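Next come the chains, spelled out residue by residue.
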Amino acid sequence: MRNRSNSGVRLDYFQRLINKTILKFQNPITGLFGTTEHDSHAWVRDNVYTIMAVWGIALAYRKNADLDEDLAKAYELEQSVVKLMRGLLRCMMLQVDKLEKFKKTQSTKDCLHAKYSSQTGKTVVGDSEWGHLQIDATSLFILYLAQMTAAGLQIIYTLDEVAFVQNLVFYIETAYRTPDYGVWERGDKTNHGLPELNSSSIGMAKAALEAINEVDLFGARGGPASVIHALPDEAQQCQAILHSMLPRESNSKEIDAALISVISFPAFAVDDIEIIKKTRQEIEDKLMGNYGCRRFLRDGYKTAREDPNRLHYEPWELLAFEKIENQWPMFYAFFILDGLYRGDTESVEKYKALLDPVITRTDDGNLYMPEMYSVPKDKVDMEIRSRDSQKRERTGKMLHLWGQSLFILGRLIDEKFISPGELDPLNRRLITEPRPDVVVQVVVIAEDIMMQSLMAEQGIAVQTVSQVAPIQIYPARVLSQIYSLLGKNKSMGLTGRPSSEIGLLATSKLYILQDQILAFIPQFIDQHQFYLALDIDFLVDTMKNTMEDLARNWRMMGRPTFVCTINTSMLDHNQKLPSSLVGTIKKLQSGYIAGTRVHLGDMGDFVSTSCITKLSFVNTDTQYAGQDSQISDFLGDVLKKACPRPRLLSLGKKASRSYRHSSIRGIVRRSRSIAVNAEDIPALHAQLQQRGVNLGLTSPNSPGPALSFALRKLEKGETTLPRINTSEELAHPHLKGNGRSPMCTPNRSPVQSPMGSPKAQHRLWPFMDKFNNDSSYNNVDVHELVDQLSQSENLNEQADIIHYLYIKQGPNWDTEVDGKSCTVRELLVELYEKAGHWKQWWLVRHAAGMLKKRVEDLALAATDLLVRQKQLSVGLPPDREKIITGPLPPDELAAIIYESCGDDLSTASLTQEILIYLAMFIRTEPKLFKEMLRMRVGLIIQVMASEMSRLFKCSGEDASDHLLNLSPYELKMMLHHILSGKEFVITTEKVSCDSEVMNEYDDEYKFSVVSKQSRQETSAFASKLSRKGPLNQKMPSVTVQSPPSAAGKPEIEDEMEDRQGQWLRRRRLDGALNRVPVGFYTQVWKVLEKCHGLSIGSHFLPHSLTREMTSGEFKFALQVERVLNMIPQPEYRQLMVEALMVTTLLVEGDCRINLSGQVLNVDKIVQQANSIFIKEQNISSEVVNHSTGSAGICLHLYDTAPSGRYGTMSYLARALAVFMNIGDHQNLECNIS
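Residues numbered from 1 in each chain as written. Predicted model: local features only at pLDDT ≥ 70, side-chain atom pairs only at ≥ 80, totals over all residues. Heavy atoms only, no water.

1. A few points about a negative patch on the surface
Step number 1: Together, Asp-781, Glu-784, Asp-787 and Asp-818 line one region of the surface with negative charge.
Step number 2: Structurally, Asp-818 is set in the loop between α27 (795–809) and α28 (824–838). (Patch = residues over 30% accessible without salt bridge, like charges linked within 9 Å, V, L, I, M, F, W, Y side chains within 5 Å. Areas by Shrake-Rupley, 256 points an atom, 1.4 Å probe, with all protein chains shown as cover. Salt bridge = Lys/Arg side-chain N within 4 Å of Asp/Glu carboxyl O. Lys, Arg positive; Asp, Glu negative; His and termini not counted. Charge placed at Lys NZ, Arg CZ, Asp CG, Glu CD. Helix = DSSP H or I, 4+ residues; strand = E, 2+ residues; numbered from the N terminus.)

Here it is in structure tokens:
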């Protein structure tokens, strides 16, 4: 018999240690580990971590075998690993019904359990008795299932198990928008059962999705049916959210020690070295101690001050746990493994030295990793006075299996028994290695020969769809339908992939399906989805950003292939290719676009260099016999939709005369929710008087009572505000029919609107109640309306009739228009398509709202905002505003938007648009959102309408008409100007059109939003409009473009006009956008810590908040924001913010001021500043009366710059000095940076 080598003897020592400290707890039947010999609860996460050391020692024996006996030991240990992994798999498969439900609901009640019985494999607590939703635990299981399978272990035996694992992938792929209870099973750290979005869960899910993709679970003996597929976009979305959150763990935890498992072993989920360094440093600085790491700040678990009789904490209790949190030595083991994988010897030695004294040594010489160390009760006060000054005692379990496994694993790697790569056969540790530049392959394909010839006229050679054969080109929704077959299993009741969305990365690959090569058009180009793709300028702009995203996020073998089809719907109204589209394609020919390398070519040239995936899950077996026919049906539906269907709405007949006097006329416009703000009645009154408007109501002769009477009728829903009757009112533009495709004519809103305030608010009545109660609608004969519809070519008329029929008869009512069977919904779809062709965006948005269309990336857009510490609200304030505090499934989010907008379906569509644009901006320009905590989409819509009203001196309703008729690209650019704070104007340019089309109109104006240079152009155009009549007679087309390179020198009077109102407008915009100075919430926390409370309006922020939350917690910022948002006037809100900033500067700068026991009334400080301002400026009482603004504050103070001797901050500082009884305050000057 051969002698053992020294390494063999040492390896035997580790094997004995594992047998005595780990394997002795493994149940021989289920293979699971209980937490102790007497506790049979087996946590999924703990079990996977525990078995890692067993797998590691098995690899070591196989690698360093001295004797045949060593190979036998390796096999024995490997089977223990397989038994554990299969035991966990069996436990989860017993809950297959929950898995299926969770894919649809993402509910905490429908999730897989976090722990099972180690004796039976069954559940041990009820669905609502534990924080079961722990996505990181399921993800860790999937990650190590992939790693172990790649290393050669056979864990999965049957295709049913393969299908279940595939559905586990679907279970975790929404981790980026699914709040869970996290690693510590608590959710919010008060342990009240409130799930949160956790970075550790998202990171582990991202690692699992990348690891399991295209892994054959049968190993070398497998085939196409046993391969797991994970769509790359789901992992990329997890990465984007993870990068934006780190180093923050969640809303209630600003840092968490569990993040070391995400940035390093075992997940290796982050590829940005700077983020990794920052997160590691935050953990070391804030959580590291002499006995291990604190889990998170103010963690009360098993501390001396925790009440053992209850699981939850009261919010005020959390401060009591500060500086005495228990320390977990297992995190030293994590940092040792981190150093070993980084090759950082110094870090490894440092943490080995820290770990050695806290490891417990038993009488028989075994080393035990204890669970945690706590401060003894009699030493708590001394520890609070001086952190890490007191000796701690061991608490919890004497042997912590999870930590013990990591400790042994670190020793095995450190002593060279195994290399780091052997525990990572999928090479996740190399994620930070630099990658070569990605070249995006671009294929432009013409729909037919006509489009090909038009492209050739521009010097662009492209193939047609038929010429790229045998490669088939389909829209992204076909790929989505194919992937819906993935993971289906009738015997287990599994329905496959639930999501209908397919991302950019997935459509940038080529696919092989039954010996055919398929290529797919990206989802954002698909015009059958949301209407954004109908706007060519928006499409081109998105395409540029897409190239950059592809190059940055591509991780797969081969190059990405971007396919774009050019079809007739992209032609302008003169049947020519838009210049923006032609320019972009020519830019692609140059090889670079938006800083990204591209290669424009034919599809056939790219097959050999593209990333190709086999759709091997589409089987021909008897169990899956129906899949071929399903795919044929998908493709048939697509081809059917591509064929033109008969048009039922007339194009070539005169508009009906009866429409002009019909009660349904203007019903679409009346369904909108932007109305005149009652606070601005004096302004409305004055404007009506200037126009000489006859109110036409039975009332006293004086305008004041007449206006009041009109408004009373308006509130009761009896009438609308009177119109200004002009001779031009009867001139309705309409769609003219000819032998060719329809051409564009100007749009017109059917009803003139009164002049009024630019401010907007939700109507006082719901439109539907008014609709149901209005007797004028009861006499409408629907059959006459159908006949009228068949005779009409006027878009407004068609829209009003279809809207009425939809509301009154329902979407499925058969109109039998022109004797043909046709439901109202089919007419609505045709109206939507017709409006899209003519680029009548007000009608496109309204029809999309009636069709309940949802933008594809809606849930991702909301999540992008929410995880960056932003809250969302949708709906127009104050009546219908709904706050969204956490990520939601797409359909649920869309339902909330439609509910919040009520009957205003146009605003529902607009809300989805703005959410998409906000998400685009926060991804590319996060600085725009600096210190903006809540994005109030309804208020943003009102601000945009106000800006339109301000620029064109029109009413709020007219402004909302113009806003709704902006194209998506124009709306996006206007939003960007408002967010950036740049002054802008709308310039005008005369546009010539086809004389056949424009025969009723002599001109049309094209608008351009540009950065502010001069108001000359806008003023001139506004004057011209005032001579011609209200703007909405010719709903102009608006185009947003870059500012001109040069502008004429503004005249002195224009410059003075520009300056006046500048700061008032700035405060209104900042208040509406909820923008605050940098570090605002942290500074407010410091003030609140020193005083009894802050009184803001009628609300109170108590001192106790500082005991409940740390200064950096997102939850504290939300509390402050909640109180500020109770202030209805945005400009007054901003003055309150400035007053709070002055208070923080005073407290920060003068330590002698004692605020203890005082309540700071911020309103009184602002009012006092207003009084000082009026007195110093010698403003007469008459002027004060005429210039009083919101909350009784002088408009001139609102319009004063913040800094300087005579700035608002100076007046606020002096007011605070008066309030605090501080000495001389006359010569204060306040500057703020």
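2. Observations regarding the pairing of strand β22 (residues 871–874)
Step number 1: Where burial is concerned, the two faces of β22 agree: the one with Gln-871 and Ser-873 and the one with Leu-872 and Val-874 are both buried.
Step number 2: In terms of strand pairing, β22 meets strand β24 (residues 934–936) through three bridges, oriented parallel. Considered in β24, the bridge of Ser-873 is made with Arg-936.
Step number 3: As judged from the three bridges shared by β22 and strand β23 (residues 882–884), these two strands associate in the antiparallel manner. Across the sheet, residue Val-874 finds its bridge partner in β23, namely Lys-882. (Buried < 20%, exposed > 50% of the residue type's maximum accessible area, 1.4 Å probe, protein only. Pairing = 2+ DSSP bridges.)

3. A closer look at the packing of aromatic side chains
Step number 1: This structure, assessed with the given rule, holds 26 aromatic pairs.
Step number 2: Between Phe-102 and Tyr-171, the aromatic rings sit 4.4 Å apart at their centres with planes inclined by 35°, giving tilted as the arrangement. Highlighted residues: Phe-102 in helix α4 (residues 96–105) and Tyr-171 in helix α6 (residues 159–172), separated in sequence by 69 residues.
Step number 3: Looking at Phe-102, the relative accessible area reads 1%, which means it is buried.
Step number 4: Here the aromatic rings of Phe-335 and Tyr-351 are separated by 4.9 Å at their centres, their planes lie at 25°, and the arrangement is stacked. With Phe-335 in helix α11 (residues 330–342) and Tyr-351 in helix α12 (residues 345–355), this residue pair connects regions lying 16 residues apart in the sequence. The same class applies to Phe-335 as to Tyr-351, namely buried.
Step number 5: The ring of Phe-296 carries Lys-253 above its face, with NZ or CZ at 5.4 Å from the centroid.
Step number 6: One residue, Lys-852, lies across the ring of Tyr-898, its end atom 5.1 Å from the ring centre. (Phe/Tyr/Trp six-rings, centres within 6.5 Å; stacked < 30°, edge-to-face > 60°. Lys NZ or Arg CZ within 6 Å of the ring centre and 35° of its normal.)

4. As for the confidence of the model for the chain
Step number 1: Of all residues in the chain, 80% have pLDDT values of 70 or greater, and the mean over the chain is 81.
Step number 2: A low-confidence stretch, residues 1014–1018 stays under pLDDT 50, and its non-local contacts, those more than four residues away or across chains, total 14 contacts. (pLDDT = per-residue confidence, 0-100. Contact = heavy atoms within 4.5 Å.)

5. Here we look at the sheet that holds β24
Step number 1: Spatially, three strands are ordered β23-β22-β24 in an open sheet, and the strand pairing comes out mixed. In this open sheet, the two edge strands, each paired with only one partner strand, are β23 and β24. Taken pair by pair, the neighbouring strands of this sheet meet at an average axis angle of 20°, ignoring direction.
Step number 2: In the packing of helix α31 (residues 890–901) onto the sheet, contacts are made with β22 and β23, and the angle to β23 comes to roughly 160°.
Step number 3: Contacts from helix α33 (residues 937–952) reach β22 and β24, with the element oriented near 55° to β24. (Axes fitted to C-alpha atoms, helices over the stretch in contact; angles between N-to-C directions.)

6. So, the sheet that holds strand β30 (residues 1159–1161)
Think of a sheet as strands paired side by side through backbone hydrogen bonds, with each pair either parallel or antiparallel.
Step number 1: Spatially, the three strands line up as an open sheet ordered β29-β28-β30, and their pairing is mixed. Two strands bound the open sheet, and with one partner strand each, they are β29 (1099–1102) and β30. Neighbour to neighbour, the strand axes of the sheet diverge by 20° on average, direction disregarded.
Step number 2: Sheet topology places strand β28 (residues 1093–1096) next to β30; three bridges connect them, and they run parallel. When the bridges of β30 are listed, Ser-1095 appears paired with Asn-1161.
Step number 3: The sheet strands contacting helix α41 (residues 1114–1124) are β28 and β29, and the helix crosses β29 at an angle near 160°.

7. Overview of the nonpolar core
One recurring pattern in soluble globular proteins is that nonpolar side chains are buried together.
Step number 1: Ranked by internal contacts, the top residues of the largest apolar core, which has 146 residues, are Phe-141 and Tyr-144.
Step number 2: Looking at which element gives the most residues to this core, the answer is helix α2 (residues 44–63), with 13 residues.
Step number 3: The contacts of Tyr-144, once residues within four sequence positions are left out, are Val-48, Met-52, Trp-55, Met-85, Phe-265, Pro-266 and Leu-423.
Step number 4: Val-824, Ile-896, Met-944 and Met-948 belong to the second largest nonpolar core, which has 92 residues in total. (Core = buried A, V, L, I, M, F, W, Y, C linked by side-chain atoms within 4.5 Å.)

8. Observations concerning helix α8 (residues 232–245)
Step number 1: The end-to-end C-alpha distance of α8 is 20 Å, a good match for the 20 Å that 14 residues give at a rise of 1.5 Å each.
Step number 2: In terms of burial, α8 is largely enclosed, as 11 of its 14 residues are buried.
Step number 3: The set of residues buried in α8 consists of Pro-232, Asp-233, Glu-234, Ala-235, Gln-236, Gln-237, Cys-238, Gln-239, Ile-241, Leu-242 and Met-245.
Step number 4: The secondary structure elements touched by the buried residues of α8 are α7 (199–212), α9 (260–263), α17 (504–507), α18 (536–553) and α30 (858–866). (Expected span 1.5 Å × (residues − 1).)

9. Quick look at the pattern of salt bridges
Step number 1: Under the counting rule described, the total for this entry stands at 52 salt bridges.
Step number 2: Where Lys-352 meets Asp-414, a salt bridge forms, and the shortest distance between an N and an O atom there is 2.7 Å. With Lys-352 in helix α12 and Asp-414 in helix α14 (residues 401–414), the pair connects residues that are 62 residues apart, well separated along the chain.
Step number 3: Arg-552 serves as the salt-bridge partner of Asp-549, at 2.7 Å between the closest nitrogen and oxygen. On the criterion of helical spacing, the pair formed by Asp-549 and Arg-552 is a turn pair, its members being three residues apart in helix α18.
Step number 4: Looking at Arg-552, the relative accessible area reads 42%, which means it is partly exposed.
Step number 5: Residues joined by salt bridges that share partners form a network here, namely Arg-280, Asp-338, Arg-342 and Asp-344.

10. A short note on the environment of Asp-904
Step number 1: Within the fold, Asp-904 resides in the loop between α31 and α32 (905–924).
Step number 2: Judged by relative accessible area, Asp-904 falls into the buried class, the value being 2%.
Step number 3: Residues Asp-904 and His-846, 58 residues apart in the sequence, show an inter-C-alpha distance of 8.3 Å.
Step number 4: When sequence neighbours within four positions are dropped, the list of residues in contact with Asp-904 reads Ser-671, Arg-672 and Ser-673.
Step number 5: Here Thr-907 takes part through its side chain, which lies 2.3 Å from a polar atom of the side chain of Asp-904. (Polar contact = N/O pair within 3.5 Å; in protein donor to acceptor, adjacent residues only side chain to side chain.)

11. A closer look at the packing of helix α5 (residues 135–150) against α6
Step number 1: Where α5 contacts α6, the axes come no closer than 10 Å and their chain directions differ by 140°. Classified by the interaxial angle, the pair formed by α5 and α6 is oblique. The chirality of how α5 crosses α6 is left-handed. From α5, Ile-135, Thr-138, Ser-139, Phe-141, Ile-142 and Leu-145 reach across to α6, where they touch Val-165, Leu-168, Val-169, Tyr-171 and Ile-172.
Step number 2: Residues of the contact of α5 with α6, tallied by class, amount to nine nonpolar, two polar and no charged. (Parallel < 35°, antiparallel > 145°, perpendicular 65-115°, else oblique. Left-handed = near helix turned anticlockwise from the far one by under 90°. Nonpolar A, V, L, I, M, F, W, Y, C, P; charged D, E, K, R; others polar.)

12. Concerning α27
Step number 1: Helix length check: α27 (15 residues) gives 20 Å between terminal C-alpha atoms against 21 Å at 1.5 Å per residue, within 8%.
Step number 2: Of all 15 residues making up α27, 12 are buried, and the element is well covered by its neighbours.
Step number 3: For α27, the complete set of buried residues consists of Leu-795, Asn-796, Glu-797, Gln-798, Ala-799, Asp-800, Ile-801, Ile-802, His-803, Tyr-804, Leu-805 and Tyr-806.
Step number 4: Following α27 by one or two positions, Gly-810 has its phi on the positive side, about 95°.

13. Topic: the side chain of Glu-196
Step number 1: Structurally, Glu-196 can be placed in the loop between α6 and α7.
Step number 2: A polar atom in the side chain of Glu-196 sits 2.8 Å from the side chain of Ser-250.
Step number 3: Among the polar contacts made by the side chain of Glu-196, one reaches the side chain of Lys-253 at a distance of 3.4 Å.
Step number 4: Contacts of Glu-196, omitting those with residues within four sequence positions, involve Pro-179, Asp-180, Gly-187, Asp-188, Ser-250, Asn-251, Ser-252 and Lys-253.

14. Some points on the packing of α30 against α31
Step number 1: Closest axis-to-axis distance for the α30/α31 pair is 8 Å, and the angle between their directions is 80°. Comparing their axes, α31 and α30 come out roughly perpendicular. In contact with Leu-858, Ala-859 and Ala-862 of α30, α31 contributes Pro-890, Leu-893, Ala-894 and Ile-897.

15. Some words on the environment of Lys-302
Step number 1: Structurally, Lys-302 is set in the loop between β3 (293–294) and β4 (327–328).
Step number 2: Assessed through its relative accessible area of 36%, Lys-302 is described here as partly exposed.
Step number 3: Counting along the chain gives 93 residues from Lys-302 to Thr-395, while the straight-line C-alpha distance between them is 7.8 Å.
Step number 4: Beyond its immediate sequence surroundings of up to four residues, Lys-302 is in contact with Asn-326, Glu-371, Met-372, Ser-374, Thr-395 and Gly-396.

16. Considerations on the side chain of Gln-147
Step number 1: Looking at the element boundaries, Gln-147 is found in helix α5.
Step number 2: Among the polar contacts made by the side chain of Gln-147, one reaches the side chain of Asp-424 at a distance of 2.8 Å.
Step number 3: Filtering out sequence-adjacent residues up to four positions away, Gln-147 remains in contact with Trp-55, Leu-423, Asp-424, Pro-425, Leu-426 and Arg-428.

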